[in-house]
Every structure is written in C-alpha cells, then in structure tokens.
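Overview (structure and organization)
What follows is the residue order along each chain.
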Amino acid sequence: MALSHDLERIAAEAAAYAASGERVAGILAAEPLEIGRIYLCAYESGADHAWLAFDDAGTPVADRYRVRAAASLAGLCEAAEESAGGGDVPQLVARLGEIRETEAPVGIELAEEAARALAATLEPEPRLATADYLDRLGAASRRLEQALGDGTGSPFSAAMQQALPIVEELTAEIERTYKGPLA
C-alpha cells in the first residue's frame, strides 16, 4: 500500500482522538530501525498544539522510546532535506549548468552529475523518514561537496550538527504536548 493511503488511514484513526475544536494538522511518518513504522500526528486547536503517535495498525503508541526515536528520525530527515545542496537543489543544478556554459571550469560536469544525483535522492512528499534515506542524503550531499572541491570539511555535516538542538526541541515538544501517557 502506498504511503499516501497509509497516511489517509492514520489520519482517520487520529481524528477519533481529537478533542472538541481540535483537528489533525499534519502527520510525520518515520520508520526507525527495529521499531517499525510510527506516525506522529500533530493536532491543532487555535494556538494550541498536541501530538499523538500511532503504530502501523493505528494503535496509539505509549512507549516513550519509540515516540522519541520516530520524532528524532523525522526531524533529522527534514533537516537533511533542507540542508542538502544548500537547500535548493533544482536551483543549484540550473546554476551549475549556467557556469558550465559560460565558464566551463574543469570538473563542472562531475559537479552537475553529483547535483543531479542528489536531486534524484530527494524523495517527493509524502515521504517516509528512514535511516536509509538519511544515509543516502548524506552520501549524495558529500559526493556533491567533493565534486565542488570542498575537501576540508562538510557544510552538510555542519548543518546537521547545527540542526541537532532543533531536532531535540521537536522531540521535547512532542513529549510535552503528548495526548496520552508515555512510559
């Protein structure tokens, strides 16, 4: 079954847990290793937010570790997508094509190829956050950095390090506003 169908099914399950005046505002799907698929459902009511996680069977998750693992993985994948190739891969591919045509520097073809490979790695929405997807984004980003001549460090890696506190805050917010008990 396609992820979009799973999200529709989970959205219907999640709606049954919405309080009066509350609605399901979004769903993050993640599949941490050895945990299985978890759907993090965001609820909104005016300015208030709440979260509730569901497993693939549509049952609310009460295990703190599973919720934290899913939230962390979803946040890391989001940060990786936003950081890959400077955040706008299609624009980067176009710009590299312009540089090839106007300046033709040595190695530009390799950079274009790496940028196109990164673009192909980015998955369209809806997407499932997995460790494999995160690894593929990291590897494709590093290949692009190396093709562009950045051998001393990794801007992508630095951006991911900077994103860790934001991911931790997302995880903490989910725990603080969780609609059920977490053990």
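Just above, that's the structure.
Everything in this summary refers to the structure shown in the same document. (Residues numbered from 1 in each chain as written. Predicted model: local features only at pLDDT ≥ 70, side-chain atom pairs only at ≥ 80, totals over all residues. Heavy atoms only, no water.)

**Considerations on unusual backbone geometry**
The peptide bond linking Glu125 to Pro126 adopts the cis configuration, its omega dihedral lying at -5°. By the element assignment, Pro126 lies in the loop between helix H4 (108–121) and strand E4 (128–129). Within the chain, Glu34 stands out as a residue other than glycine whose phi angle is a positive 65°. Relative to the helices and strands, Glu34 resides in the loop between strand E1 (23–30) and strand E2 (38–45). Despite not being glycine, Ala104 has its phi angle at roughly 50°, a positive value. On the basis of relative accessibility, which here comes to 52%, the residue Ala104 falls in the exposed class. (Helix = DSSP H or I, 4+ residues; strand = E, 2+ residues; numbered from the N terminus. Buried < 20%, exposed > 50% of the residue type's maximum accessible area, 1.4 Å probe, protein only.)

**Points about the nonpolar core**
If you look at the biggest cluster of nonpolar residues, it comprises 51 residues, and the most contacted ones within it are Leu40, Val67 and Tyr178. Not counting residues within four places of it along the chain, the set of residues in contact with Leu40 comprises Gly26, Ile27, Leu28, Trp51, Leu52, Ala53, Val67, Ala70, Ala71 and Ile174. (Core = buried A, V, L, I, M, F, W, Y, C linked by side-chain atoms within 4.5 Å. Contact = heavy atoms within 4.5 Å.)

**Digging into the packing of aromatic side chains**
Under the criterion given, the structure shown has 1 aromatic pair. Considering the side-chain rings of Tyr17 and Phe54, the 5.5 Å spacing of their centres and the 65° angle between planes classify their relative orientation as edge-to-face. With Tyr17 in the loop between helix H1 (3–15) and E1 and Phe54 in strand E3 (residues 48–55), this pair connects stretches of sequence that are 37 residues apart. (Phe/Tyr/Trp six-rings, centres within 6.5 Å; stacked < 30°, edge-to-face > 60°.)

**A few points about helix H5 (residues 131–147)**
Here H5 contains 17 residues, and its C-alpha end-to-end distance of 24 Å stays within 8% of the 24 Å for a straight helix at 1.5 Å per residue. The complete set of buried residues in H5 reads Tyr133, Leu134, Leu137, Ala140, Ser141, Leu144 and Glu145. The arc enclosing the buried residues of H5, seen along the axis, measures out at 140°, which places them on a common side. Of the surrounding secondary structure, the elements contacted by the buried residues of H5 are helix H2 (64–83), helix H3 (89–102), H4, E4 and helix H6 (155–176). (Expected span 1.5 Å × (residues − 1). Arc of directions from axis to C-beta.)

**What about H1?**
In this model, H1 (13 residues) spans 18 Å end to end at C-alpha, consistent with the 18 Å of a helix rising 1.5 Å per residue. Of all the residues in H1, the buried ones are Leu3, Asp6, Leu7, Ile10 and Ala14. In a view along the axis of H1, the buried residues occupy a sector of 100°, so they form one face of it. Turned more than 90 degrees away from the buried face of H1, the exposed residues are Glu8 and Ala12. Buried residues belonging to H1 abut E1, E2, E3 and E4.

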